[in-house]
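# Fold and geometry: a report
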There are 2 protein chains.
Amino acid sequence: MSAWRDTLTLETMAKERANPPFDVRSLSIAMHGNEQSLVQKERFMLELSRDPVFYMGDWQDLTKDQLRERTMQKIAALVHYVMNETVDVFTKRMELIGMHDPGFWTRFGVHYGLFLGAIRGSATANQFSYWMEKGCISCQGMYGCFGMTELAHGSNVAGLETTATFDEKTDQFVIHTPNLGATKWWIGGAAQSATHCAVFAQLYVKGKRYGTKTFMVPLRDPKSYQLLPGINIGDIGKKMGRDGIDNGFIQFTNVRIPRAYMLMKHTQVTRDGEVREPPLQQLTYGALLQGRTAMVADAANTAKKALTIAVRYAAVRRQFKASPEAELETQILDYPIHQRRLMPLLAQATAFGFTALEMTRLFEETATALEALEPGDPNLEKTIEMLKETHATSAGLKAFCTWATLEAIDKCRQACGGHGYSSYNGFPSMYADFAVHCTWEGDNTILALQSGRALISSYLDAKHKGKKLAAATSYMNDIEKVLAAKCAGESELSTLSGIEAGWATVAAHAVKKAAEDFEALVNSGKSRDQAFEACSQVRFVAASIHSSGYIFRQFKQAVERLDDAGDGVRKNLELVSKLYGLWQMEEKAAFFLRSGWLSAAQLDLVQKLVSEYCYELRKIAIPLIDAFALSDHIVNSPIGVKSGDIYREYFRAVRRANPQNKEHPYFERVIKPFIFRSPPELEDFDEIGVDEDIEEIREELEEAEKERIEAEKERAAAAKKATVE
Amino acid sequence: MSAWRDTLTLETMAKERANPPFDVRSLSIAMHGNEQSLVQKERFMLELSRDPVFYMGDWQDLTKDQLRERTMQKIAALVHYVMNETVDVFTKRMELIGMHDPGFWTRFGVHYGLFLGAIRGSATANQFSYWMEKGCISCQGMYGCFGMTELAHGSNVAGLETTATFDEKTDQFVIHTPNLGATKWWIGGAAQSATHCAVFAQLYVKGKRYGTKTFMVPLRDPKSYQLLPGINIGDIGKKMGRDGIDNGFIQFTNVRIPRAYMLMKHTQVTRDGEVREPPLQQLTYGALLQGRTAMVADAANTAKKALTIAVRYAAVRRQFKASPEAELETQILDYPIHQRRLMPLLAQATAFGFTALEMTRLFEETATALEALEPGDPNLEKTIEMLKETHATSAGLKAFCTWATLEAIDKCRQACGGHGYSSYNGFPSMYADFAVHCTWEGDNTILALQSGRALISSYLDAKHKGKKLAAATSYMNDIEKVLAAKCAGESELSTLSGIEAGWATVAAHAVKKAAEDFEALVNSGKSRDQAFEACSQVRFVAASIHSSGYIFRQFKQAVERLDDAGDGVRKNLELVSKLYGLWQMEEKAAFFLRSGWLSAAQLDLVQKLVSEYCYELRKIAIPLIDAFALSDHIVNSPIGVKSGDIYREYFRAVRRANPQNKEHPYFERVIKPFIFRSPPELEDFDEIGVDEDIEEIREELEEAEKERIEAEKERAAAAKKATVE
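Quick caveat: nothing in here was measured; it's all calculated off a predicted structure. (Residues numbered from 1 in each chain as written. Chains lettered and ligands numbered in written order. Predicted model: local features only at pLDDT ≥ 70, side-chain atom pairs only at ≥ 80, totals over all residues. Heavy atoms only, no water.)

The next thing to look at is the interface of chain A and chain B. In this complex, chain A contributes 151 residues to the contact, which on the side of chain B involves 154 residues. For the pair chain A and chain B, the two sides together bury roughly 13200 Å², of which 60% comes from carbon and sulfur. Our count for the contact surface shared by chain A and chain B stands at eight salt bridges. Across the chain A-chain B interface, the total number found is 69 residue pairs in polar contact (both at pLDDT 80 or more). Broken down by class, the residue content of the side of chain A that touches chain B amounts to 67 nonpolar, 41 polar and 43 charged. (Contact = heavy atoms within 4.5 Å. Buried area = accessible area lost by both parts, 1.4 Å probe. Salt bridge = Lys/Arg side-chain N within 4 Å of Asp/Glu carboxyl O. Polar contact = N/O pair within 3.5 Å; in protein donor to acceptor, adjacent residues only side chain to side chain. Nonpolar A, V, L, I, M, F, W, Y, C, P; charged D, E, K, R; others polar.)

This part takes up the side chain of Q319 of chain B. Tracing the chain through its elements places Q319 of chain B in the loop between α8 (286-316) and α9 (336-372). A relative accessible area of 5% places Q319 of chain B in the buried class. At 3.2 Å, the side chain of Q319 of chain B forms a polar contact with the backbone oxygen of A152 of chain A. A distance of 3.4 Å separates the side chain of Q319 of chain B from the backbone nitrogen of S155 of chain A, its partner in a polar contact. (Helix = DSSP H or I, 4+ residues; strand = E, 2+ residues; numbered from the N terminus. Buried < 20%, exposed > 50% of the residue type's maximum accessible area, 1.4 Å probe, protein only.)

Using the criterion set out here, one finds zero disulfides over all chains in the structure. No disulfide involves C535 of chain A; its nearest neighbouring cysteine sulfur is the one of C614 of chain B, lying 16 Å away. The exposure class of C535 of chain A is buried, given its relative accessible area of 3%. The thiol of C136 of chain B is unpaired, and the distance to the nearest cysteine sulfur, on C139 of chain B, comes to 8.5 Å. According to the relative accessible area criterion, C136 of chain B is buried, its value standing at 0%. (Disulfide = S-S within 2.5 Å.)

Here the focus is the confidence of the model for chain A. Residue and element names in this part refer to chain A. Looking at chain A as a whole, the pLDDT averages 92, with 93% of positions reaching at least 70. Predicted confidence for residues 681-692 stays below pLDDT 50, and this span has 15 contacts to residues more than four positions away or in other chains. ipTM for the predicted complex: 0.93, alongside a pTM of 0.93. (pLDDT = per-residue confidence, 0-100.)

Okay, structure coming up:
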C-alpha cells in the first residue's frame, strides 16, 4: 500500500514553493514587461472571476448552442469596458480573454478587430464618422462581421470572386455572389450576430475590374434580425474548437448598396464612375500585423497555461517507487525523461513571452509611424523599410510560435496521462481552440515562406548591394566571418553570447543555401516567382532556423536588460534562456553539424548540457510557473490548481459536471431489449454444440466464410466483366 | 475572374485517375495482404453503409448523450455478427470499426477485448464456462467493463490500491476502495453499460499482500440497471474524443463476492486461504500484445483515412495562378511545398500499413505459440524469447506509429486550410479520437523506453554473450562492420538495400550509445533500474531510430516479396518505400551525420532525392489513395469524396446539418437588450466631446487608468505589509 493521504499533494506543492532562489514577484514583473502590466492583468483576472457571466465551471459541457448564447452575453458584459478604455488597455484585456475563452475572443475580435479595423483602415474620415454615428464602436444598433474568405478562396485574396459592380444610373454598387465557390465562407459572426458585413469584393466599374476592395453591406434588420432582401446566410455549424463564435456563409444576390458604402480611403469611385487608385498600395498591409502580433502573444500565453497545468501536475503526481523501501512513490517531475518532456517546453514558453513583448513593441512602433505618415513624407522610405521588417518578422513568428505552441499543448496533455484527456482538465478545448491559429490570418506554411523570401532578399541585398541589414537579420552583416565561425567548445556553449553565435552561423548558412538555390534557379531562366516556388523547401528551412535564432535573441536581450538586483532573477532566467537556445540547437542539430559550427563531439556536449539544464530548471519549475501569474480561474484545470490539491479538485469538478442519480437515459429503450433478447443465433449455436467443441464450430464457420468470399469474388469478377468502366 | 464551373473538380479528379502506371486493384490487394482481406473489408463497408444505425451524416452534431445512445444501438446491431464470426474475421471487422467510429470501437472493445480477454486470459476452464453461461459472449444478461486504472494510478499497475481481502469465515472476497486516489477511474462502460467489472485489486489473504489480481464484481442489477449495494458509480463526463464510450468512476465499499469470482488461472486461493502462485508469471503479458497490435493497425488505417482526405482535396483545390495568362489556378498539390507536406506522410501511411500486417502476423504467431504452451514444455524458452521480441517490437511500434499518425492527422488538417477545421470534414474528431492512443495501453514514452531497454539488452547479449540476435535486431549481429559502414553515395541512396544499410548503421550507433551510457552508469555503482532511468533520453532516441528502421524494413521486405508482374505495382511501391526511408533519414539527419554514415554533402543529396520522390509520388498520389480502398461512407468527409465534387458535397453537408429558417435562438433574450441599450457611458462620452478630440479623451482616460493602477499598487503594498504570508 502506498502512503495515501488527502493532504500529500498539498504538502508536496508547498515544499516545491519553499525558498525559491529568486524573487517570484520580480521575475513575474520582468516577464510582464513592467509592474503596471502585471497589476493590470491581475485586475482583469479578478474582474472575470467575480462576474457570473464568466463562470467557467460548466464550460466544458455546454452545447454549441449554449456556448454561443453565453458568448453573446459575455460580449454584452464587456462592451462596457471597451467604451471606457484606451486602446492599449483594451489590447491587454483582449490578450487575457484569449486565454479565458478563445471562441469569445474571436467573436469579440471579429467586430472590434476585423470589422472596426476595416473601417479604421479603409474608411475616409467622413465615412468613419458616419459609421461611428451608426453605432460601430458601441455596438448600438449594429454588430459587424468581416466578409473576406470564400468557399473556393482563402489564401488568394486577390482571387476572390464576389463582385461589386458600380451602377452609374442609381449611384449604387451591386454586390453579387456569382457561383457556389464565391459563397462567403467561415464568416465569423455571420450566422447569428452581425447586422453588417465588411465585404471584400472585386470592384467592377464600366466593365473594368479594379481588384479587391471593401464594401459595407447591411445583412439584417437590427430590430428583428431578419435577413435583408438578397441576403442568404447559413450557419457553418460545428468546428474543431471555438464553437462560441457563429461562423456562417453568405450569398449575395444582386444586393444594392449606396456608392458611399464602399470604403474609400485608398481607392475612390466618383459619382460618374472615375476610379482613383491609391498612391501607397503597400501601406494597407499594416492591418495584417495586428492580428499576427496578437497571435504571437496568444501563443506565449497559451503555452504558459498548458505548462502551468502539466508542470504542477507532474510536481504532485507520484508513480512508481524508486525502491521497495521508499515510503512514497516518486514525483513524476523527478524522472529525467519527464524533465526532458516538459522543461524545454517551459523554457520555450518563457522565450515566447519575451518574444511577444518585443513583437508588440515593434508592432506599436510601426503602427505609430504608419499613422503619422502623410503622402510625400520624407520618412516614407524608412517607414516602408520598417513595415517590411515587421511584416517579415511577424509572419515567421506567427507561423513558428503557433506551431510550436500547438505541439506543446498536446505534449503537455500527454504528460498528464489519462487525466490530460479529460475535458475538465482543459487540454482538449485548448488544443482544439488553438489549432486554428496555424491556419487563419495567413496559413503558417505560406507565412513561413514569406519570411523565407524576405530573408533571401536581405541576404542578396547585403551581398550584391552591400546593404547594411537591420536588427532581425543583422547577423548576416559580416557574412563571411559568420559563415566560417566554429564552436569553441563548452566554454562557448555555456554562455548566452556563445549560443547566439551558433544561431547566427547556422541561420546564415541556411539563408545562404536558400539564396543560392534561388539565384541558381533564376540564372537557369526561371522567373523570380517560379524560382521562389522551386526553392520553397530550403526557403522554409531558412525561415525556421532564423526564427529559432530570433526568439533566442529576444530572450537573451531581455535577460541582459535586467539589472542583477541580487534577487536571483537574472541568474535563473539566464538558465532558462540557455536551455531554450541549446534545446533548439539539439532539435535542429543536423543544420548545426551541416554548417560545421558544431562538431559531432560538441553535439554530444549540447545533449549533455540540455539534460543538465532540464534537471536544474526542474528545481525551480514551480516558482517559475507561479511567476506566469495565471489565476486558477484562468487556468481552469483542476489538475493544474495552484494549491496542488489536484485529486480532490478534479473529483469535485467531474461530479459537479455529471450529477448522479438521474434515471438511466436509455436503459428501457436500448439496453433492456438488447441484453434480454433471445435471438435465433444463440439457439443455433447451442444446437451445434458450443460447449462441446468450439474449435470445430469455428472451423466450420471459417469454411463457410471462405466459400462466401469465393462466391463473392466470382460474382465480382462476373460483374466486372459485364460492365464497362 | 477565375473559370469557375461546378464540374471542374470532377474533371480534375478524373484526369488524376486517368492511366495510372500500375494496376490499382493489384496494388490494393498487396496493401491488404491478400485478396480475401480486401474483399472482406469491402463487404464490411457495404454492410455498414446500408445499416441505418451506422448512418454518419449527423454524427458531428450529436451531443454526448445522443452519441452514447447511438453507440449502444450500434453494439446491439453488431453482436449478431460476433456470434457468427471466427475470431480473425471479427478482428478484421473491429479494424474497420476503428476507422468508422472510434468511440464505438472502444465501447465494443471494452467488453469483447478487455473484459472477455481478462476472462479468457485469467479464468480457469470451469470459470470460463460459468461466465459463458452467464452470457459473457452473447452479452445476454450481462455487459462487462475492465476495472484497472485508478485516480492516482495508471502506469504503475502493481501500485493499484483497491483491495480484495479474503474473508475465510464466509469464503468471500471483500472488494474495497480505501481512499479517494484508489477510486477506479476512466473505466470504459462503467457509467452506463456494465453489469459486471473485471476489477484489478491487491489480493490480501491472512494479512499478507499478494499483488494485483483480477476479480469479477457485479455492479448493477441487469433487470433495472440499479447499482448494487456498496457500489458507487459516477459518470466521468466529457473528454477529448470518443464520447460514445461512457467512462466512469467506481468506488467499492466493502463489496462481497464469492471466492470463485477471483479469476484463478494463474494465482489460486483455496477455501482455507492457501495461495498458489503461478509458475509462469511472464506469460500473462500476452494479453497486452493484442491491444497494441490493434493500435498499430489503427494508426495505419487512420493515417490512410487522413491522407485520403488531404490528398484528394489538394488534387482538386486550386489557389493562385502560375501566371496572369493561365486559365485556371494551380492545383495545390502541384506546389512543391505542398508535395513536401503530404507526400512523405502518404509514404509513411503506406509503410505503416505493411508494418501492421507484419505486426499482426507476429502477434498471431506468438499468441498461437502461447496458447499451445503447457507447463514443462520444451518450447518454453523459445516461446518466451518470441514473446519478448514481440513485446518489445509492439511497444516501440505502438508508441512511434500512434505518435506519427496523430501528427499526420493534424498536418493533413492544416493542409486543407480552413476547411480542415470544419467538423464535417472529419479531422477534428479524428484527431480528438485518436489522441488517446498515445496514452492508453501503455503511455507512449514509457513504451518507447521499454523498447529501448530491450534494445540495450539485445546489444549487450550480442556483445558479451555472443548471442545471435533475432529478426528485429539482427542488424546488430555483425556490429563492428555495421558501425563502421559509410554511405557510398547516390548509387547507395537510391536503392532499397542501400537505404536499409544506412538505417542499420545509424540504429546500431544509437543503441550502442545507449548501451554504453547504461553500462557506464552501472559501473559507476548505480543499480540496473537507476541506470536505465538515468540514460532514459538516449534510450528513447535508440528506440526511435530503431523503430524508423524497422518500419522501413517491413516496407522494403513487402516490396521485395511482390512478383514483378508487369502491372507496375512493385516499381511504384518501391518509389513509395524509398521516399519513406529517405524522408525519415532527413528527419533524423543529425544521427546520420553523427554516426558518420552520411557526409554533409550526402545529406544534401538525400534532401534533393526526397524532393524528387515527392514530385514523382505526387503523379500517382490519387490512384495510390484509391488503392487504400476506403469508401466515402468510411472516410465521411465531403472534401475527401472520391468523385472530387468537394464544394457541392461540403455545402450540402453543412446545410443538412444546420437547417436554416429557425427563429434566432436568443435575439430577444440577449441581442436585442444589448444592441438597443442606452447605457450611461455613451452619454458621458458624448458630453465630454467624443467627436471633437478623441485623442484628448484617451489621454485623460489613460491618466485616470494610471492613477487607478498606482492606487491599487499602494493598496496591494499596504495589504502585503498588513498580512503574514
